[in-house]
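Structural overview
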Amino acid sequence: MEVRSRFAPSPTGYMHIGNLRTALYEYLVAKSAGGKFILRIEDTDQERYVEGAVDIIYKTMKMVGLKHDEGPDIGGNFGPYVQSERKAIYKKYADILVELGGAHYCFCSEEELENQRKKCEETGVPFKFDDPCKNISIEEAKKRISNGEKYTVRQTINPDGEVSFDDVVYGHVSVETKTLDEGILLKSDGLPTYNFANVVDDHLMNITHVLRGNEYLSSTPKYNLMYQAFGWDIPTYVHLPPIMKDEHNKLSKRNGDASFQDLVQKGYLPEAIVNYIVLLGWSAKNDQEIFSMEELEKVFNVEGINKSPAIFDIEKLKWMNGVYIRELPCEKFYKLSEPWMKQVIHKDIDFETLAKCIQPRVNVLNEIPEAIDFIEILPEYDTEMYIHKKMKTTVEISRTALLEAENLIKNMTDWSSIEAIHDAFMVMPEKLGLKNGQFLWPIRTALTGKQCTPTGAIEIAYLLGKEECLSRIQIGINKLG
Ligand code: GLU
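Residues numbered from 1 in each chain as written. Predicted model: local features only at pLDDT ≥ 70, side-chain atom pairs only at ≥ 80, totals over all residues. Heavy atoms only, no water.

Right, let's get into the overall build of the protein chain. Assigned secondary structure in the protein chain consists of 20 helices and 11 strands. Along the first, second and third principal axes, the C-alpha set of the protein chain runs to 105 × 50 × 40 Å. Residue burial in the protein chain is summarised as follows: out of 481 residues, 49% are buried. The long-range fraction of contacts in the protein chain, counting pairs at least 24 apart against all pairs at least 6 apart in sequence, stands at 74%. Total accessible area computed for the protein chain in this model is approximately 23400 Å², and 49% of it derives from carbon and sulfur atoms. One finds the centroid of the 57 positive side-chain charges in the protein chain at a distance of 1 Å from the centroid of its 73 negative side-chain charges. (Helix = DSSP H or I, 4+ residues; strand = E, 2+ residues; numbered from the N terminus. Buried < 20%, exposed > 50% of the residue type's maximum accessible area, 1.4 Å probe, protein only. Contact = heavy atoms within 4.5 Å. Areas by Shrake-Rupley, 256 points an atom, 1.4 Å probe, with all protein chains shown as cover. Lys, Arg positive; Asp, Glu negative; His and termini not counted. Charge placed at Lys NZ, Arg CZ, Asp CG, Glu CD.)

Looking now at the pattern of salt bridges. Enumeration over the complete set of coordinates arrives at 24 salt bridges. For Asp95, the salt bridge is made with Lys91, and the minimal N-O distance between the two is 2.6 Å. Here Lys91 and Asp95 lie together in helix α3 (residues 87–99), a separation of four residues that amounts to about one turn. With relative accessibility at 21%, the residue Asp95 sits in the partly exposed group. By sharing partners, the salt bridges in this structure join Arg6, Glu26, Arg40, Glu42, Arg86, Asp201 and Asp202 into a single network. (Salt bridge = Lys/Arg side-chain N within 4 Å of Asp/Glu carboxyl O.)

Enumeration according to the criterion identifies zero disulfides in this entry. The thiol sulfur of Cys108 is not disulfide-bonded, and the nearest other cysteine sulfur, from Cys133, lies at 3.6 Å. (Disulfide = S-S within 2.5 Å.)

The subject of this paragraph is helix α16 (residues 418–425). Along α16, the residues that are buried comprise Ile418, Ala420, Ile421, Ala424 and Phe425. Projected onto a plane normal to the axis of α16, the buried residues spread over an arc of 165° and lie on a single side. Opposite the packed face of α16, turned more than 90 degrees from it, sit the exposed residues Glu419 and Asp423. Residues of α16 that are buried sit in contact with α13 (351–358), α15 (395–411), α17 (428–432), α18 (436–448) and α19 (457–464). (Arc of directions from axis to C-beta.)

Let us look at the site of the ligand. All residues in the neighbourhood of the ligand are listed as Arg6, Ala8, Pro9, Ser10, Glu42, Tyr194, Leu211, Arg212 and Tyr216. One of the side-chain nitrogen or oxygen atoms of Ser10 is found 2.9 Å away from a nitrogen atom of the ligand. Between the ligand and Glu42, the relevant distance is 2.6 Å, taken from a nitrogen atom to a side-chain nitrogen or oxygen of the residue. In isolation the ligand has 300 Å² of accessible area, and contact with the protein removes 84% of it. Grouping the amino acids of the shell around the ligand by side-chain chemistry returns five nonpolar, one polar and three charged. (Near = heavy atom within 4 Å. Polar contact = N/O pair within 3.5 Å; in protein donor to acceptor, adjacent residues only side chain to side chain. Nonpolar A, V, L, I, M, F, W, Y, C, P; charged D, E, K, R; others polar.)

Printed below as a string of structure tokens:
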């Protein structure tokens, strides 16, 4: 049987990291088995609907390389792929389920529910709606419906039984049916709840593997009762543990944690985000960590999914992003870093070379402005910075180095490349009886005013240009008195 998995996001306006992980695993489950990956938009909760949210879903999937085989934008044999366009289908199957005894029409008002809830509260019994409408015959219910009475369709659950299934991650799950509540399947506006739509759609779309957050694990027995009532095959379930921000809190966009778009905006590369996310709950047998999508399509397997919650470790993502940045062709990194460099540098410098210089050191693109802002304006700095234990510099050595550098630079005619400056500078230490660091550290300090810079004195000298270098070195000489 062909493996068919689906990503079924609700258009909420952003791609939560957890959603993206689900999408990724769904995609990989299908692709690793040569199957199909389907995109279905779950927009039946109209209150949560956000304008433009579906585009964010398409855009994100494209950015991370999750290509669906069927979906609202490309069609397929099992459409429509947007739930709000499937209203008639849900109505049809709700009526069938009623006939099969798996559901019933309900005419209860909110008031009725409230009364029961209150009574339960008074007696201290946990609330579970006992629907009087279960006792109305289908004929009578249909009469009331044709008279225009408002109704919902509720699941009917026989309380004397047990329902069990095997989840790929959580193993054997078994519950007594009396613990399950008979929830609404079709609302009075004719739209289905998730509880109903997922069953109908997954069946009609021939979905073989359902991957979703473990918050759905406790409702899955109810879905299975519907599958059974319809006489449909139950899909393979793979419920995923939550992604945590720390030991106690789930990662959540609502609590201000970053979404996929937020991370991209901060300068994380989509490929690195995806690579990191795939490891949040899954590991390869050989503990390999860096994967291309093509590799993942080959090696991913559901057995590698772990049931203990994964912690989203931003430091690890930063590291991994750095690995990906290092791998980029120079031109690509230049293109990506250009807007970040130009945020703080408005002078006309050789940005391409600057990009080359910083590529080995930057982990996330948003580190760039702060790392290079000294190129635009020399920051205020303390003379103490010239004294560096490891470089073995003192105020005297620094003064000598800067005075010699000033002389050297004044007489230099070739400032056209890093190599030219390198060749000119590097004869100096020996000539002056200094170590390389004793000559270069003071220059770097004078040119940048910073302890940490993403590249060395010679590269910075080239980027600043001869005149600016001279002027900064003279400021340094004055500081050192
Ligand atoms: N629409 C649901 C959500 O966004 C999907 C759950 C599922 O994959 O079945 O949480």
